[in-house]
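Residues per chain, in single letters:
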Amino acid sequence: MNRKQQIVEFSADLLRTKGFEGFSYQDISKELGITKASVHHHFPKKMDLGLALCDWSKEWLLDGLQHFDRHGTSQWNRLERYLKAAVKHTLRDHKMCPVSAFYNDLNRLPESLAKAVKAIDVLELEWVERVIQDGIDEGEFSSVDSPKAMAAMFVFTCKGAIYYARLHGEDMFQQSMAQFKHWLLQP
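Here's a quick rundown of the structure. Here the residue numbering is sequential within each chain, running from 1 through the sequence in written order. Totals for whole chains, interfaces and linings use every residue, but because this is a predicted model, local features are given only for residues with pLDDT of at least 70 and side-chain atom pairs only at 80 or more, for both listing and counting. Values reported for side chains reflect all heavy atoms of the structure, with hydrogen atoms and water molecules removed beforehand.

### Comments concerning the overall build of the protein chain
Heads up, the rule is: Starting at the N terminus, helices and strands are each numbered in turn, a helix being any DSSP run of H or I of at least four residues and a strand any DSSP run of E of at least two. Residue burial is assigned from relative accessible area. The probe radius is 1.4 Å, only protein chains are included, and a residue is buried under 20% of its type maximum, exposed over 50%, and partly exposed in between. Two residues form a contact once any of their heavy atoms are found within 4.5 Å. Using the Shrake-Rupley algorithm and a 1.4 Å probe, accessible areas are obtained, with residue cover drawn only from the displayed protein chains. Asp and Glu count as negative and Lys and Arg as positive, but His and the ends of the chain are not part of the count. The atom standing in for a charge is NZ when the residue is Lys, CZ when it is Arg, CG when it is Asp and CD when it is Glu.
Scanning the protein chain from N- to C-terminus turns up nine helices and zero strands. For the protein chain, the N- to C-terminal ordering of α and β elements is α-α-α-α-α-α-α-α-α. Counting across all 187 residues of the protein chain, residues that qualify as buried make up 43%. Contacts in the protein chain between residues far apart in sequence, at least 24 positions, make up 67% of those at least 6 positions apart. Approximately 10100 Å² of the protein chain is accessible, and the part contributed by carbon and sulfur atoms is 52%. Separation between the mean location of the 24 positive side-chain charges and that of the 25 negative ones in the protein chain comes to 6 Å.

### Examining the packing of helix 4 (residues 46-71) against helix 7 (residues 111-137)
Applicable threshold: Angles here are taken between N-to-C directions and fall from 0 to 180 degrees, while the axes themselves are lines fitted to C-alpha atoms, restricted in helices to the stretch in contact. Just so you know how the angles are binned, under 35 degrees is roughly parallel, over 145 roughly antiparallel, 65 to 115 roughly perpendicular, and the rest oblique. Each residue is assigned to one class: nonpolar for Ala, Val, Leu, Ile, Met, Phe, Trp, Tyr, Cys and Pro, charged for Asp, Glu, Lys and Arg, and polar for all the others, Gly among them.
Running from N to C, helix 4 and helix 7 point in directions that differ by 5°, and their axes come no closer than 9 Å. By the criterion of interaxial angle, the relationship of helix 4 to helix 7 is roughly parallel. On helix 7, the residues that touch Met47, Gly50, Leu51, Cys54, Ser57, Lys58, Leu61, Leu62, Leu65, Phe68 and Asp69 of helix 4 are Ser112, Leu113, Ala116, Val117, Ile120, Leu123, Glu124, Trp127 and Arg130. Taken together, the residues of the contact of helix 4 with helix 7 break down into 13 nonpolar, three polar and four charged.

### Comments concerning helix 8 (residues 147-168)
Worth spelling out the cut-off: Under the convention used throughout, the expected extent of a helix is 1.5 Å for every residue step, that is, one less than its residue count.
Taking 1.5 Å per residue as the helical rise, helix 8 with its 22 residues ought to reach 32 Å, and the 30 Å between its terminal C-alpha atoms agrees with that figure. Those residues of helix 8 not exposed but buried are Pro147, Met150, Ala151, Ala152, Phe154, Val155, Cys158, Lys159, Ala161, Ile162 and Ala165. Lining the buried residues of helix 8 we find helix 5 (75-92), helix 6 (98-103), helix 7 and helix 9 (170-185).

### Considerations on the packing of aromatic side chains
Convention followed: Any Phe, Tyr or Trp ring, taking Trp's six-membered ring, that has another such ring centre within 6.5 Å forms a pair; planes under 30 degrees apart are called stacked, those over 60 apart edge-to-face, and the others tilted. Charge-over-ring placement is defined geometrically: NZ (Lys) or CZ (Arg) within 6 Å of the ring centre, and within 35 degrees of the ring normal.
Overall, the coordinates contain 10 aromatic pairs when judged by the stated rule. Ring geometry for Phe20 versus Phe102: centroids 5.4 Å apart, planes at 35°, classification tilted. Of this pair, Phe20 sits in the loop between helix 1 (3-18) and helix 2 (25-32) while Phe102 is found in helix 6, placing the two residues 82 residues apart along the sequence. Residue Phe20 shares its accessibility class with Phe102, and that shared class is buried. Ring centres of Trp76 and Phe154 lie 6.5 Å apart, and the angle between their planes is 85°; on these two criteria the pair is classed as edge-to-face. You can see Trp76 sitting in helix 5 and its partner Phe154 sitting in helix 8, a full 78 residues away along the chain. Taking relative accessible area as the criterion, Trp76 reaches 7% and is therefore assigned buried. Phe154 gets classed as buried once you look at its relative accessible area, which sits at 0%. Through successive ring pairs, a cluster of aromatic residues spans Phe68, Trp76, Tyr82, Trp127, Phe154, Phe180 and Trp183. Geometry around Phe20 places Lys46 over its ring, the cationic atom sitting 4.6 Å from the centre.

### Section: the nonpolar core
General note: in soluble globular proteins, nonpolar side chains tend to be found buried as a group. Stated formally: Among the buried residues, those of types Ala, Val, Leu, Ile, Met, Phe, Trp, Tyr and Cys that are joined through side-chain atoms within 4.5 Å form a nonpolar core.
Counting 57 residues, the largest nonpolar core has Leu79 and Phe154 as its most contacted members. Contributions of two or more residues to this core are made by helix 1, helix 2, helix 4, helix 5, helix 6, helix 7, helix 8 and helix 9. With residues near it in sequence (within four places) discarded, Leu79 still touches Trp127, Val128, Val131, Ile132, Phe141, Phe154 and Leu184.

### Focus: the side chain of Ser29
Relative to the elements of secondary structure, Ser29 occurs in helix 2. Excluding residues within four positions of it along the chain, Ser29 makes contact with Ile34, Thr35, Lys36 and Val39.

### Some words on the pattern of salt bridges
Counted only if it meets this: Criterion for a salt bridge: a side-chain nitrogen of Lys or Arg within 4 Å of a carboxyl oxygen of Asp or Glu.
The full count for this structure, using the stated rule, is 10 salt bridges. The salt bridge involving Asp69 is made with Arg130; its shortest N-O contact spans 2.8 Å. Taken together, the residues Asp69 in helix 4 and Arg130 in helix 7 connect sequence positions 61 residues apart. Classification of Arg130 by relative accessible area gives partly exposed; the value is 36%. For Lys159, the salt bridge identified is with Glu124, shortest N-O distance 3.0 Å. Residue Lys159 is found in helix 8, and its partner Glu124 is found in helix 7; the two are separated by 35 residues along the sequence.

### Some details on the side chain of Arg16
Of note, Arg16 is situated in helix 1. For Arg16, a relative accessible area of 11% puts it in the buried group. Contact partners of Arg16, with chain neighbours within four places excluded, come to Trp56, Trp60, His94, Lys95, Met96, Pro98 and Ala101.

Quick look at the structure:
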């Protein structure tokens, strides 16, 4: 792995544990045993690093979604795999979704970085919408007025429940998502 890749990989870990504004070039240089000037050489501004982290996050997300598509045995199973990954990363590994990690800092991000985060967010929502639409088309899910709105509700419920579960326990997350499953699968 080259130095630039090392910086991105380590920064991705910091992003998922501290948020974008929660770490500095000093943190990176100290951990990797390099100078801050070396970090600045590869990423002159933190926004440059942020855009690289968006690229990393997009690839991370796409890898996961493609895995769920390849291994899912039904449309609900694809969504269930998404939920299990959320539990693993957030509750077991104690790391945030890299896309969600940017949310707390959105009002402080430069517009170009906020747009890059939104593009990844849209990619995630579109995947969930496609899975829901496929589930409706195949008769697995109940018909809904708007698969797009249902996809947004699914993602919002999942992300909200996973963060509340950090304080209230995993059972809260499981109950919330079981209710969502009931909504989708009821005749």
